[in-house]
Amino acid sequence: MDISIFTDKTAEPTQKDLQEQLASIYPLWEQIAESVRKKYPKPKEEWNYPGKNYGWSFRLKDKKRAIIYLLPRQGYFKVAFVFGQKATDQIMACDIDASIKEDLAGAKKYAEGRGLSIEVHNAKPINDIEKLIDIKIAN
């Protein structure tokens with residue numbers, strides 16, 4: 001089951017909790033969050049608890065929508081986005097890893113767009129995540 005490492009509804013995770021749990025990959029979490037902050041100054045940042053089947057997740061938002069979701073897991077984390085059609089078309093036309101394009105193309109289409117999540121175990125996907133942040137903010 002794909003669930004957050006933080007499951008206690010009564011205990012919103014702290015930065016210390018996150019650092020302890022993510023250990024060596026915590027700096028990558030911070031790098032991604034800081035990238036959003038640089039490209040979209042002063043985003044709304046919040047922990048969210050959608051239910052016991054999901055646990056806690058973190059999101060950075062603009063005025064109306066989430067820019068990015070960060071989902072802590074055991075030994076890694078996921079970065080998730082929702083892209084509308086215009087952004088999806090831009091992603092398909094750019095030089096992002098083919099597996100990301102395949103995942104996005106295969107994602108179910110909802111009213112708000114297509115969801116995409118990328119597992120982060122190391123720095124390998126960071127450049128693609130940076131490009132996705134740019135596309136998300138531009139659309």
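An account of the accompanying structure is given in this report. (Residues numbered from 1 in each chain as written. Predicted model: local features only at pLDDT ≥ 70, side-chain atom pairs only at ≥ 80, totals over all residues. Heavy atoms only, no water.)

## Regarding the pattern of salt bridges
(1) Moving on: A full pass over the atoms with the stated rule returns 13 salt bridges.
(2) Moving on: Here Arg37 and Glu34 are joined by a salt bridge, their closest N and O atoms 3.2 Å apart. Placement of the pair is Arg37 and Glu34 together in helix H2 (residues 26-39), with a separation of three residues, close to one helical turn.
(3) Moving on: Overall, the relative accessible area of 22% leaves Arg37 in the partly exposed class.
(4) Moving on: Judged by relative accessible area, Glu34 falls into the partly exposed class, the value being 33%.
(5) Moving on: In this structure, Lys39 and Glu130 form a salt bridge, with 2.9 Å as the shortest nitrogen-oxygen distance. Here the residue Lys39 occupies a position in helix H2, and Glu130 occupies one in helix H5 (residues 126-138), the gap between them amounting to 91 residues.
(6) Moving on: Connected through shared salt-bridge partners, Glu30, Glu34, Arg37 and Glu45 make up one network. (Salt bridge = Lys/Arg side-chain N within 4 Å of Asp/Glu carboxyl O. Helix = DSSP H or I, 4+ residues; strand = E, 2+ residues; numbered from the N terminus. Buried < 20%, exposed > 50% of the residue type's maximum accessible area, 1.4 Å probe, protein only.)

## Comments concerning the packing of helix H1 (residues 15-22) against H2
(1) Moving on: Here H1 crosses H2 at 130°, and the two axes come no closer than 8 Å. Considering their axes alone, H1 and H2 lie oblique with respect to each other. The segment H1 lies against H2, with Gln15, Leu18, Gln19 and Leu22 engaging Tyr26, Trp29 and Glu30. (Axes fitted to C-alpha atoms, helices over the stretch in contact; angles between N-to-C directions. Parallel < 35°, antiparallel > 145°, perpendicular 65-115°, else oblique. Contact = heavy atoms within 4.5 Å.)

## Side note on the packing of aromatic side chains
(1) Moving on: Under the defined criterion, the tally for this structure stands at seven aromatic pairs.
(2) Moving on: Ring centres 6.1 Å apart and planes at 85° place the aromatic pair Phe6 and Trp47 in the edge-to-face group. Residue Phe6 is found in the segment before H1, and its partner Trp47 is found in strand S1 (residues 44-48); the two are separated by 41 residues along the sequence. With respect to burial, Phe6 and Trp47 carry one shared label: buried.
(3) Moving on: In textbook terms, an aromatic cluster arises when at least three aromatic residues are bridged by ring pairs, as seen for Phe6, Trp29, Trp47, Phe58 and Phe77. (Phe/Tyr/Trp six-rings, centres within 6.5 Å; stacked < 30°, edge-to-face > 60°.)

## Things to note about the sheet that holds S1
(1) Moving on: Spatial strand order, S1-S2-S3-S4-S6-S5: six strands in an open sheet with antiparallel pairing. Looking at the sheet topology across the chains shown, the edges are occupied by S1 and strand S5 (109-110).
(2) Moving on: With four bridges joining them, strand S2 (residues 57-61) and strand S3 (residues 66-73) adopt antiparallel strand pairing. In the sheet register, Arg59 faces S3, and the bridge partner there is Tyr69.
(3) Moving on: Together, strand S4 (76-83) and strand S6 (113-120) form the strand contacts of helix H4 (residues 98-106), whose direction differs from that of S6 by roughly 145°. (Pairing = 2+ DSSP bridges.)

Any link to function would need more than the numbers given here.
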